[in-house]
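Read off the chains here:
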Amino acid sequence: MDLVEPAVENQGQMVKDDLAEKCQKLFQAFLEEFQNSDGELKYLRDAEELIRPERNTLLVSFTDLEGFNQPLATAIQEEFYRVYPHLCRAVRNFARDHGNVPASKEFYVAIQDLPTRHKIRQLTTVRIGALSRISGQVVRTHPVHPELVSGTFLCLDCQAVIKDVEQQFKYTQPSICRNPVCNNRKRFLLDTNKSKFVDFQKVRIQETQAELPRGSIPRTMDIILRAEAVESAQAGDKCDFTGSLIVIPDVSQLATPGLRAETSTRTAGTQGYENEGLRGLKALGVRELTYKLAFLACHVAPTNPRFGGKEIRDEEQTAEGIKNQMSVKEWEKVFEMSQDKNLYHNLCTSLFPTIHGNDEVKRGILLMLFGGVPKTTMEGTSLRGDVNVCVVGDPSTAKSQFLKHVEEFSPRAVYTSGKASSAAGLTAAVVRDEESHEFVIEAGALMLADNGVCCIDEFDKMEARDQVAIHEAMEQQTISITKAGVKATLNARTSILAAANPVGGRYDRSKSLKQNVNLTAPIMSRFDLFFILVDDCNEVTDYAIARRIVDLHSRIAESIDRVYALDEIRRYLLFARQFKPKISQESQDFIVEQYKRLRQRDGTGVTKSAWRITVRQLESMIRLSEAMARMHCCDEVQPKHVKEAFRLLNKSIIRVETPDVNLDQEDEEAAMEEEEGDQMNGHVPNGGINGHGDGHVNGHVNGQVNGVNGHGDGSDKQPAAKPAMRLSFAEYRRISNLLVLHLRRAEEEEDETVLKKSEVVNWYLKEIESEIDSEEELINKKALIEKVIHRLVHCDSILIELSQSGLKGSSEPSAPETQEEEVMLVVNPNYTLED
C-alpha cells in the first residue's frame, strides 16, 4: 500500500505552464500600470464597470500592449489560445482588486486594434492557436445557447463530487472517479447548479464579393462567439472578428450513418474461415480524425465602421456624432460640398463618370441613395423612406452599368440577377443545421442589403412566383416567413434598383409602358421612378457616346473626370442621411396641388400615363422631396425641392406618346397587302392600333419619350401635298370613340337608317359644323372622316361593314358600285371602349 499512495497524490496534480503564468503576471501588471496620454490609468474605469452583473468582458487594445511590453504582445499573438485562460484569470484578479465582485463570476478578455487582417482563404493550419483578425460577411446566425465550460460531476457509486472537469467542444465526463477506493469510469451525473455555463453562439461568415478570386466559390467559416460577443453580428453585416483559429471535431462527420458498421474488425465466416477484411481508407476505423477548422472569436467589430458598418444601422446616430468621427480635413470637405451651388450635377457626374448622358436616371439613382425619411405612425405602422427605381430600356443603354456602379459604391449593396434568383434566395431561406439539426434562417439578398441597395438585373425575366416574394419587401420593408415551424418577420429596409428589358427586346413606342414591360401592376406601382432608355439614332449623341467610349478604352485614367472622390461622396452621404427634413406648410400645399394636377390629367385626356396615378405616387413625391432636402443638408423641405421631385416623377410617368396616325398609308399599299392586313386583324382587338398598319406607323416616327415633346420627323414616303391626312393619336382616338358611341346608341334604338355609312359621315359633319368655315374645309373634313372610318374598319377592326347580302367583302367582285352607299356600319361586338 505504501507504494501506491504517492501515485494517488500525483493523480490530481496539474502540469504548470510557465510561459502562460508569466504572461498572466505581465498582463496583470499591464492592466494596473498602463496610463493613457492624460496620465490616468486607462483600464481602471473599465474594470470598475465589470462589477455590473451584465458585464464580464474587458476590452484591451493591442497597440497599448505593444507599447507597454513588446515581448508580451508577441507571446500573446503567437500563443493566444494557450495563454487565453490565464489572461482571463489576470482580468479576474484585476477586477477583484478594484471592486466587490462575486467569487463565482467568470471574466473574459477581448482584444481589439490588431494591425493585420486576414482573408478567409489565408487561414491555414499554420495559424491555429495564433491571434488573428479576419473579415467577412455574416450569412447565417444561430440562436444563443448556454455552453458548459467546466462541469461538476457526482459519482453515482460513492457520491464523491468531482469539480472543474474542463469541457473541450464536446461533453467530457471524468475518466475515473477520484476516490481511490471507487473504480467507477462510466456512471456520473452532471450537477448543473455548480457547473459553469457561458453564452455561446455560432455564426457563419462568407467571403465578401470584393475579396473573391475570379471563378471561385465563396468560402465560408464558422465563428464561435462567447459571453458578451454574442448577438453582436446580424445577418448581412460585414464584420471583423478577432480571435484564434481552432480545430474542432467534425460532429456532422462523426454522426454520418453507415460508417459505424465499417469499423468492425474481421468477421468469421460460416465455416470458421475469416472473411477478407474491409478495404479502403474509410474502413480503417479511425473515426477521431474528422476535424474541421473553426474560429473562436473574442471580439467583433464592424468593418470600416465609418461607412457602412454598424453605424448606418444605428438609428441613434446624429449628424454631430458623425462629425466627431471625422478628421478636421474630412469635415472641411463635407462642409465645402454642402455649400456647393452645383452639388446636384457634380455628384451625378462624380458617381457615374463613365456613363454618357442619361442625366435623369443619374439624378433618380442619386436621390435613391439619399433616400426619404422613414416614419412611424402613432399606431406603430411604419412608412418607408426608401426609394425604388426601375430602369427599362433597349439593349446597350448602360442599364447594368448603373447597377454595377451603385453596387461598387454603396457600402451595403447586393447585386443579383433576376433569372438566377429564387424567392428564397431573394428573401430568406430556412435551412436545417448540419450539427444541431435545428432550423436556422439564412439571409437572402434583400436581408443582406438591409439599409442599403439591392440591385436586381433582368428583373422582367424573374418567375412570377418569385416576383411576388418582393411585394412585401418593397412596401412594408419586412420579410415574413412561416416555414418548418419557424415563424419570423425580418427587416428588409432596402431600396430596390431594378433593370428590365422590354417585351421582345426593343421598346415599342406605339404601346404603353404596361404593354412593353412584363411586370404586374402591383409591382409597377411600388416603384417610385420608372426610367425608359430608348436607343435612338441621333448623329450628335451617337458621336458624343462614341468619343466617350473610345476615350475610355484608350486612356482610362485621364478620361474619368470626377469632381469629388468616391470616399468624399460616401462621407457626405452618411452625414446628409442623418438629416430628418420636415415638410413646410408652403411645400405641403404645393405637393397637394401637384398631386391633384397629376390625378386630373390621368383621369381625363387621351394621353394616358403608363400606369394609374395612385396614392403611392403621392408618397413617392414626398420621399423624393425629402431626398432633395437631405442632399442639400436642409432641415425643411422647400417648394424648390418639391418642384424637382415633381419634375422627375413627371418625366417618369408621362413617357410615351403614341405617334401620329398616318391616314394616307392605306393608299400606298397594294390591295393584296390590305387583304392580308384584314386577315391579320381577325383576332380580338385590344383597342390600340393593332396589327398591320401599326408597324408602318411607328417605323419612322420618333414619338415622345420621357416627356420630350415632338412629333414624327416625317421621314415616311409621303407626298408633301397632303399634310392634312395626319392625325394626332389623341384626336384619332376621340373621333373613333365618338363614332362608336353614336353607332352603339343607334343599334340599341334599332334605327337601321342611321347605321348607313353615308348617314354616319353626315352625322359627324353636322356635329362639327361650328368648326367648319369654308367649303374647302368641309371637303377636307369629309375626306378625313371617310379615311378614319376606313382605318377603323380595315386596320383596327373596331367597326365592321355590312352590305345588303352580308359581310362586306364576301360579295362577288362583280357587284355594282352603287352598293357602296348602302354599306351599314356596326361596332365589333368584342370591342370594349377604353375610359
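Residues numbered from 1 in each chain as written. Predicted model: local features only at pLDDT ≥ 70, side-chain atom pairs only at ≥ 80, totals over all residues. Heavy atoms only, no water.

With respect to the overall build of the chain
- Scanning the chain from terminus to terminus reveals 31 helices and 28 strands.
- Put simply, the chain has 835 residues, and 45% of those count as buried.
- A sequence separation of at least 24 residues applies to 73% of the contacts in the chain between residues at least 6 apart. (Helix = DSSP H or I, 4+ residues; strand = E, 2+ residues; numbered from the N terminus. Buried < 20%, exposed > 50% of the residue type's maximum accessible area, 1.4 Å probe, protein only. Contact = heavy atoms within 4.5 Å.)

Side note on the sheet that holds strand β13 (residues 389-393)
- If you trace the five strands from one edge of the open sheet to the other, you get β14-β17-β20-β13-β21, paired in parallel fashion. Every interior strand has two partners, whereas the edge strands, β14 (413-417) and β21 (529-533), have only one. The sheet shows a mean angle of 15° between the axes of neighbouring strands, taken without regard to direction.
- Sheet analysis places strand β17 (residues 453-457) next to strand β20 (residues 495-500), joined by four bridges and oriented parallel. Pairing of Val 453 across the sheet is with Ser 495, part of β20.
- Of the strands in this sheet, β13, β14, β17, β20 and β21 are in contact with helix α14 (residues 399-409), which crosses β17 at around 155°. (Pairing = 2+ DSSP bridges. Axes fitted to C-alpha atoms, helices over the stretch in contact; angles between N-to-C directions.)

Thoughts on the packing of aromatic side chains
- With the rule as written, the count across this model stands at 13 aromatic pairs.
- Here Phe 34 and Phe 68 contribute two aromatic rings whose centre-to-centre distance is 6.5 Å and whose plane-to-plane angle is 80°, an arrangement assigned as edge-to-face. Taken together, the residues span a long stretch of sequence, with Phe 34 in the loop between α2 (18-33) and α3 (44-49) and Phe 68 in helix α4 (residues 62-68) at a distance of 34 residues.
- Given a relative accessible area of 31%, Phe 68 falls into the partly exposed group.
- Between Phe 527 and Phe 530, the aromatic rings sit 5.6 Å apart at their centres with planes inclined by 75°, giving edge-to-face as the arrangement. Exposure class is identical for Phe 527 and Phe 530. Each is buried.
- A network of ring pairs unites the aromatic residues Phe 27, Phe 30, Phe 34, Tyr 43 and Phe 68 as a single cluster. (Phe/Tyr/Trp six-rings, centres within 6.5 Å; stacked < 30°, edge-to-face > 60°.)

Thoughts on the nonpolar core
- Counting residues in hydrophobic clusters, the biggest one holds 59 residues, and the most contacted among them are Leu 347, Phe 370, Val 406, Leu 497 and Met 621.
- In this structure Leu 497 touches Ile 365, Met 368, Val 389, Val 391, Leu 403, Val 406, Val 453, Cys 454, Cys 455 and Ile 456, once residues within four positions along its chain are discounted.
- Core analysis: the next-biggest nonpolar cluster, separate from the first, contains 39 residues, Val 430, Ile 441, Val 486 and Leu 490 among them. (Core = buried A, V, L, I, M, F, W, Y, C linked by side-chain atoms within 4.5 Å.)

Thoughts on the pairing of strand β5 (residues 161-166)
- Pairing analysis gives four bridges linking strand β4 (residues 145-155) to β5, with the strands arranged antiparallel. Bridge pairing in β5 links Gly 151 to Val 165.

Topic: the packing of helix α13 (residues 359-370) against α14
- Contact geometry for α13 and α14: axes closest at 12 Å, N-to-C directions at 30°. Our classification of the angle between α13 and α14 gives roughly parallel. Seen from above, α13 lies across α14 with right-handed handedness. Contact with α13, carried on its side by Val 361, Lys 362, Ile 365, Met 368 and Leu 369, involves Phe 402, Val 406 and Phe 409 of α14 and no other residues of that element.
- Looking at the contact of α13 with α14, its residues break down into seven nonpolar, no polar and one charged. (Parallel < 35°, antiparallel > 145°, perpendicular 65-115°, else oblique. Left-handed = near helix turned anticlockwise from the far one by under 90°. Nonpolar A, V, L, I, M, F, W, Y, C, P; charged D, E, K, R; others polar.)

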